[in-house]
Amino acid sequence: MGDATEVRNSIRELRFQTAEMTQQDLADRVGVTRQTIVAIEGRKYAPSLELAFRIAAVFGKPLETVFQWGQPR
Amino acid sequence: MCFREKSAWVALISTLAVFVPYFLFVFQKAIQNELTRGAVIGAFIGAVIAQTVIQVLVHIAIAIASKREQQDERDAGIDAAAQRNAYMVLCCLTILAAFGLTMMSASSGSSRAPESPNLVFIAQIFYLCFVVAELSRFATQVIRYRLES
């Protein structure tokens, strides 16, 4: 199956750059289930604006560094 | 598989396992013209108790075996979509049932004719509408969780 959302993200790369943070660690820090992080990383689910800000805050990056909209150039 | 997806699977399978035989029994009685309150009430209570017991026991087992998680925004979105689908199914089936039962009454000449659908039959038809709507709710949850995993 293809991607369900056009919201791309760099969560996987950022997790590895942040002391190899696990999906469960990130999920616990932003208050969602691990499956939701899996769905976001796999572009099966587009997070709410609030959740997107929370995830970006965990990595200490601006929102547009973590999430991008549209097809890759 | 998360707790809520397992829960949706349990609800879907237990509803099918209990209510398919139940409605087969009810409609068999209706065809045989033996659909009386006495014939149905035991099966009805039995089906409701069976489904409740199955769901409680399996949910306890799932909760012990896996981590119980709080509902997050994705779960809430899936629940909302499932409720919408179930409501739409319930509306469509209720309208169809009301129309069908009215036509059955009309074709027998009078709403008081012996061939008119009896109250037990009418009650079971509307209960079937509710059960099908619930099945569509659980099926929507299962499908959405599978597609997003």
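Preceding this section is the structure that the text describes.
This structure is a prediction, so every number in the text was calculated from the model and none was measured. Sequence order as written defines the numbering, with residues in each chain counted from 1. Numbering of ligands from 1 and lettering of chains from A proceed in the order in which they are written. Only residues with pLDDT of 70 or above have their local features reported here, since the model is predicted, and side-chain atom pairs are shown and tallied only from 80 upward, although totals for entire chains, interfaces and linings are computed over all residues.

Comments concerning the overall build of chain B
Per the convention used, a helix needs a DSSP run of H or I reaching at least four residues, while a strand needs a run of E reaching at least two, with both numbered from the N terminus. Within chain B, the regular secondary structure consists of four helices and zero strands. Taken from the N to the C terminus, the helices and strands of chain B come in the order α-α-α-α. In this setup the radius of gyration rests on C-alpha atoms only. A globule is expected at 2.2 Å times the number of residues raised to 0.38. Computed over C-alpha atoms, the radius of gyration of chain B comes to 18 Å, more than 25% over the 15 Å expected from 2.2 N^0.38 for 149 residues, which places it beyond the range of a compact globule. Within chain B, the fraction of its 149 residues that count as buried is 23%. Three exposure classes are used. Buried residues have 20 or more other C-beta atoms within 10 Å of their own C-beta, exposed residues have 12 or fewer, and partly exposed residues fall in between, all C-beta atoms being placed from the backbone.

Remarks on the overall build of chain A
Scanning chain A from N- to C-terminus turns up five helices and two strands. Taken from N to C terminus, the helices and strands of chain A fall in the order β-α-α-α-α-α-β. Against the compact-globule benchmark of 11 Å for 73 residues, chain A has a radius of gyration of 11 Å, which places it among compact chains. Oriented by its inertia axes, the alpha-carbon framework of chain A measures out at about 30 × 25 × 20 Å. Classification of the 73 residues of chain A by burial places 27% in the buried group.

Overview of the interface of chain A and chain B
Contacts here follow a simple rule: the backbone-placed C-beta atoms of the two residues must lie within 7 Å. Taken residue by residue, the interface counts 11 residues in chain A and eight residues in chain B. Among the elements that make up the side of chain A that touches chain B, the one with the highest residue count is helix 3 (residues 34-41) of chain A (four residues). Note on residue classes: Ala, Val, Leu, Ile, Met, Phe, Trp, Tyr, Cys and Pro are nonpolar, Asp, Glu, Lys and Arg are charged, and everything else, Gly too, is polar. A per-class count over the side of chain A that touches chain B returns five nonpolar, five polar and one charged.

Considerations on unusual backbone geometry
With the exception of glycine, most residues fall at negative phi, and the peptide bonds are largely trans. Residue and element names in this part refer to chain A. Backbone geometry at Ala 19 places phi at a positive 55°, although glycine is not the residue there. Residue placement: Ala 19 occurs in the loop between helix 1 (11-17) and helix 2 (23-30). A count of 8 C-beta atoms within 10 Å places Ala 19 in the exposed class.

Thoughts on the environment of Val 10 of chain B
Looking at where Val 10 of chain B falls in the secondary structure, it is placed in helix 1 (residues 3-31). For Val 10 of chain B and Ile 54 of chain B, which are 44 residues apart along the polypeptide, the C-alpha to C-alpha distance reads 8.7 Å.

Describing the environment of Gly 60 of chain A
Position of Gly 60 of chain A relative to the elements: it lies in the loop between helix 4 (49-59) and helix 5 (63-66). A count of 9 C-beta atoms within 10 Å places Gly 60 of chain A in the exposed class.

Thoughts on the nonpolar core
Each nonpolar core comprises buried Ala, Val, Leu, Ile, Met, Phe, Trp, Tyr and Cys residues, the members being joined through C-beta atoms within 7 Å. The biggest cluster of nonpolar side chains holds 14 residues, and the ones touching the most others in it are Ala 27, Val 30, Val 32, Ile 37, Ile 40, Ile 55 and Val 66 of chain A. Breaking this core down by element, the ones donating at least two residues are helix 2, helix 3 and helix 4 of chain A. Contact partners of Val 32 of chain A, with chain neighbours within four places excluded, come to Ala 27, Ile 37 and Leu 51 of chain A together with Asp 72, Glu 73 and Arg 74 of chain B. Residues Ala 82, Ala 86, Val 89 and Ile 125 of chain B belong to the second largest nonpolar core, which totals 12 residues.

Comments concerning helix 3 of chain A
Because each turn of an α-helix spans 3.6 residues, side chains separated by three or four positions end up pointing in the same direction. Buried residues of helix 3 of chain A: Gln 35, Thr 36, Ile 37, Ala 39 and Ile 40 of chain A, and no others. Where helix 3 of chain A is buried, its residues contact strand 1 (7-9), helix 1 and helix 2 of chain A together with helix 3 (73-107) of chain B. Note on helix 3 of chain A: the residue one or two positions beyond its end, Arg 43 of chain A, has a positive phi of about 60°.

A word on the packing of helix 1 of chain B against helix 2 (residues 37-65) of chain B
Geometry of a packed helix pair, given as the angle between the helix axes and the separation of the axes. Residue and element names in this part refer to chain B. Across the interface, helix 1 lies against helix 2 with an axial gap of 10 Å and an inter-helix angle of 165°. The angle between helix 1 and helix 2 places the two elements in the roughly antiparallel class. Handedness of the helix 1/helix 2 crossing: right-handed. The residue makeup of the contact of helix 1 with helix 2, split by class, is 16 nonpolar, six polar and two charged. Between N-to-C directions, angles span 0 to 180 degrees; the directions come from axes that are lines fitted to C-alpha atoms, helices contributing only their stretch in contact. The scheme is simple: roughly parallel for angles under 35 degrees, roughly antiparallel for over 145, roughly perpendicular for 65 to 115, oblique for anything else. Left-handed describes a crossing whose near helix is turned anticlockwise from the far helix by less than a right angle; the clockwise case is right-handed.

So, the environment of Val 38 of chain A
Note on placement: Val 38 of chain A falls in helix 3. Separated by 13 residues in sequence, Val 38 of chain A and Leu 51 of chain A have C-alpha atoms that sit 14 Å apart. In this structure Val 38 of chain A touches Gln 23 of chain A together with Ser 149 of chain B, once residues within four positions along its chain are discounted.

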